[in-house]
Amino acid sequence: FQMFRRVPVTLVRGRGTRVWDDQGREYLDFVQGIAVNVLGHAHPVVADAVRRQAEELIHTSNLVYTTPQLELAALLVEHSCLDRVFFCNSGAEANEGAIKLARRYGRERLNGAYEIICTVNGFHGRTLATVTATGTEKYRLPFAPLPEGFVHVPFDDVAAIQAATTPRTCAVLLEPVQGEGGVNVPAPDYLRRVRQWCDQHGLLLILDEVQTGVGRTGTLWAYEQAGAEPDVMTLAKGLGGGVPIGAVLAREHVAAHFYPGDHGTTFGGNPLATRAGYAVLQYVIQQDLPARARELGAYLMQRLRGLEDRHAVIRGVRGVGLLVAVELRTDAAEEVARRCLERGLLVNNLKPDLLRFTPPLTVSREEIDRAVEILDAALGDAPPK
Ligand code: PLP
């Protein structure tokens, strides 16, 4: 299948922020598997956890408990506002589970309400339900007929959520900061006001922290900065440090609406993935990597803003923690990313006019300096058209 416009490079090895291709060329990796490798490549914490677990127990059925699964669930519960955890394998699968849970809740608690309010430019995955929740028509429309029960309103617009709420509404689903939609950071009081509205109307607030979670935005969960707690939160990407894992976290009274047999997965929560997840999360917490993401994210943005004067093509720099974007005035992002690659920097051209930077939370100031130097040179060659 030709599903991606691939960057013409074949990677064979990585270490921290660096990767090497099959020609022996070294690159700084500011993509990191699209905001996945929070500890960078080949971190000993992840490698040891996976190696040791592989020698002990890789997979069991979900008909039994395993120690890594219980330990990771306990760690997630201890460090979040939520009480119950369901493990799966990806972000889409986590959101799929959250959507089913919201419908079950609506059926039993909200007179059969089933509609979920989502946001324009939100991104929740590629399965039929999650692509329908996703707020970009080009991802959805080719796959019609789509599941019913999703409405879209502009992001960062509480009044739009209020206007879209009907007796059919059971939940609001959104990202605290839109990742794939363009690194869109809402007003500081947005989530708090959405939370208030959900409380007034008995709606569930589902936060998709697949991209923002596990320290990336400068707190362990992005919701902490908003002063608003979700009823349901979905995770994936950073949680396994590169090992595929997803999770649905929910408050006790919400999780109680899933009954045995309602939902399941063969691989989800297996000992290998949950051991990796436990090692990563424990390390992120113990080393206070969210604080590091906050500090180095501010440094990265400051350095990128320093390029604005010299490169008129830069429209602006935005982000939170180490989820950062540079917006261009022209559709030159692909060309600039290609020039960066030639100079040894991997960066993601998220949109025609947008570059995204998601280095590991362990990135150093020197690596940021070098990445900004490379971008500077790439922009400087000839003004991108
Ligand atoms: N939710 C958000 C916020 C995401 O950024 C993504 C992926 O980019 C997903 C869900 C889907 O995750 P996955 O690709 O693991 O299915």
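About the thresholds
Residues numbered from 1 in each chain as written. Predicted model: local features only at pLDDT ≥ 70, side-chain atom pairs only at ≥ 80, totals over all residues. Heavy atoms only, no water. Helix = DSSP H or I, 4+ residues; strand = E, 2+ residues; numbered from the N terminus. Rg over C-alpha atoms; globule rule 2.2 N^0.38 Å. Buried < 20%, exposed > 50% of the residue type's maximum accessible area, 1.4 Å probe, protein only. Pairing = 2+ DSSP bridges. Axes fitted to C-alpha atoms, helices over the stretch in contact; angles between N-to-C directions. Contact = heavy atoms within 4.5 Å. pLDDT = per-residue confidence, 0-100. Near = heavy atom within 4 Å. Polar contact = N/O pair within 3.5 Å; in protein donor to acceptor, adjacent residues only side chain to side chain. Areas by Shrake-Rupley, 256 points an atom, 1.4 Å probe, with all protein chains shown as cover. Salt bridge = Lys/Arg side-chain N within 4 Å of Asp/Glu carboxyl O. 1 Å grid on protein atoms, 1.4 Å probe; cavity = no way out; pocket = protein on both sides within 12 Å on 5 of 7 lines; lining within 4 Å. Points joined across faces, edges and corners; volume = space filled by probe spheres on them. Nonpolar A, V, L, I, M, F, W, Y, C, P; charged D, E, K, R; others polar. Phe/Tyr/Trp six-rings, centres within 6.5 Å; stacked < 30°, edge-to-face > 60°. Lys NZ or Arg CZ within 6 Å of the ring centre and 35° of its normal.

Here's the deal with the overall build of the protein chain
- Helix and strand content of the protein chain: 14 helices and 15 strands.
- By the compact-globule yardstick of 21 Å for 385 residues, the protein chain fits well, its C-alpha radius of gyration being 21 Å.
- Over its C-alpha atoms, taken along the principal directions, the protein chain stretches across nearly 60 × 55 × 40 Å.
- Within the protein chain, buried positions represent 56% of all 385 residues.

Examining the sheet that holds strand 10 (residues 246-250)
- Taken in spatial order, the seven strands of this open sheet run 4-10-9-8-7-5-6, and their pairing is mixed. Of all the strands in the sheet, the pair left with one neighbour each is strand 4 (84-88) and strand 6 (150-153). Neighbour-to-neighbour, the strand axes of the sheet open up by a mean angle of 20°, direction not taken into account.
- Here strand 9 (residues 232-235) runs beside strand 10; their pairing, made up of four bridges, is antiparallel. Bridged to T234 within strand 10 is V248.
- Across the face of the sheet, helix 8 (residues 190-201) comes into contact with strand 5 (115-119), strand 7 (169-174) and strand 8 (204-208) while running at roughly 150° to strand 8.

Let's talk about the confidence of the model for the protein chain
- On average, residues of the protein chain carry a pLDDT of 97, and 99% of them reach 70 or more.
- Here helix 6 (residues 137-140) stands out as the element of the protein chain with the lowest mean pLDDT, 92, in contrast to strand 9, whose mean of 99 is the highest.

Digging into the site of the ligand
- Around the ligand lies a shell of 13 residues, among which G91, A92, D208, Q211 and K237 are the nearest.
- A distance of 3.3 Å separates a nitrogen atom of the ligand from a polar atom in the backbone of F123.
- A distance of 2.7 Å is found between a nitrogen atom of the ligand and a side-chain nitrogen or oxygen belonging to D208.
- With the chains in place, 81% of the 390 Å² that the ligand exposes on its own is no longer accessible.
- With three residues, helix 4 (residues 91-109) is the single largest residue contributor to the shell around the ligand.

Description of the pattern of salt bridges
- For the structure on display, the rule yields 24 salt bridges.
- The closest approach of N and O atoms between E137 and R140, which form a salt bridge, is 4.0 Å. Pair noted here: E137 and R140 are both in helix 6, with a separation of three residues, about one helical turn.
- Here R339 and E335 are joined by a salt bridge, their closest N and O atoms 2.9 Å apart. Placement of both R339 and E335 in helix 13 (residues 333-342) is noted, with a separation of four residues, approximately one turn of the helix.
- Exposure remark for E335: the relative accessible area of 28% places this residue in the partly exposed category.

Focus on the layout of surface pockets
- If you add up the space inside the second largest pocket, you get close to 900 Å³.
- Contributing to the lining of the second largest pocket are 27 residues, with Q69, R84, V85, F86 and F87 lying nearest its centre.
- Of all the secondary-structure elements, those providing two or more residues to the lining of the second largest pocket are helix 3 (67-78), strand 4 and strand 10.
- Considering only residue class, the lining of the second largest pocket consists of 16 nonpolar, eight polar and three charged.

Some points on the environment of P230
- Within the fold, P230 resides in the loop between helix 9 (223-226) and strand 9.
- For P230, a relative accessible area of 0% gives the class buried.
- Residues within four places of P230 in sequence aside, it is in contact with C81, L82, R195, L205, L207, Y223 and R251.

Brief notes about the pairing of strand 8
- Along strand 8, five of the five residues are buried, which leaves the element largely enclosed by surrounding structure.
- Burial along strand 8 is two-sided: L204, I206 and D208 and L205 and L207, pointing in opposite directions, are all buried.
- Of the pairings in the sheet, the one linking strand 7 to strand 8 comprises four bridges and is parallel in character. Looking across to strand 8, one finds that A171 is bridged to L204.
- In terms of strand pairing, strand 8 meets strand 9 through three bridges, oriented parallel.

Notes on unusual backbone geometry
- In this model, A144 is joined to P145 through a cis peptide bond whose omega is 0°.
- Tracing the chain through its elements places P145 in the loop between helix 6 and strand 6.
- Here the phi dihedral of I34 falls at roughly 60°; this positive angle occurs in a residue that is not glycine.
- For I34, the location among the structural elements is in helix 1 (residues 32-35).
- With a relative accessible area of 33%, I34 lands in the partly exposed category.
- Within the chain, A35 stands out as a residue other than glycine whose phi angle is a positive 60°.

A few points about the packing of aromatic side chains
- Going through the model one piece at a time under the given rule, you end up with two aromatic pairs.
- Seen in terms of ring centroids, F123 and Y139 are 5.8 Å apart; in terms of plane orientation they differ by 85°. Their pairing is edge-to-face. Note that F123 is positioned in the loop between strand 5 and helix 5 (128-133) and Y139 in helix 6, a separation of 16 residues in sequence.
- The interplanar angle of 75° and the centroid separation of 5.3 Å between the aromatic rings of F155 and Y190 together place this pair among those described as edge-to-face. On the criterion of sequence distance, the pair formed by F155 in the loop between strand 6 and helix 7 (158-164) and Y190 in helix 8 is long-range, its members being 35 residues apart.
- Looking at F155, the relative accessible area reads 13%, which means it is buried.
- Between the NZ or CZ atom of R13 and the centre of the ring of W20, over which it lies, the distance is 4.3 Å.
- In this arrangement the basic side chain of R365 is found over the ring face of Y299, its NZ or CZ atom lying 4.5 Å from the centre.

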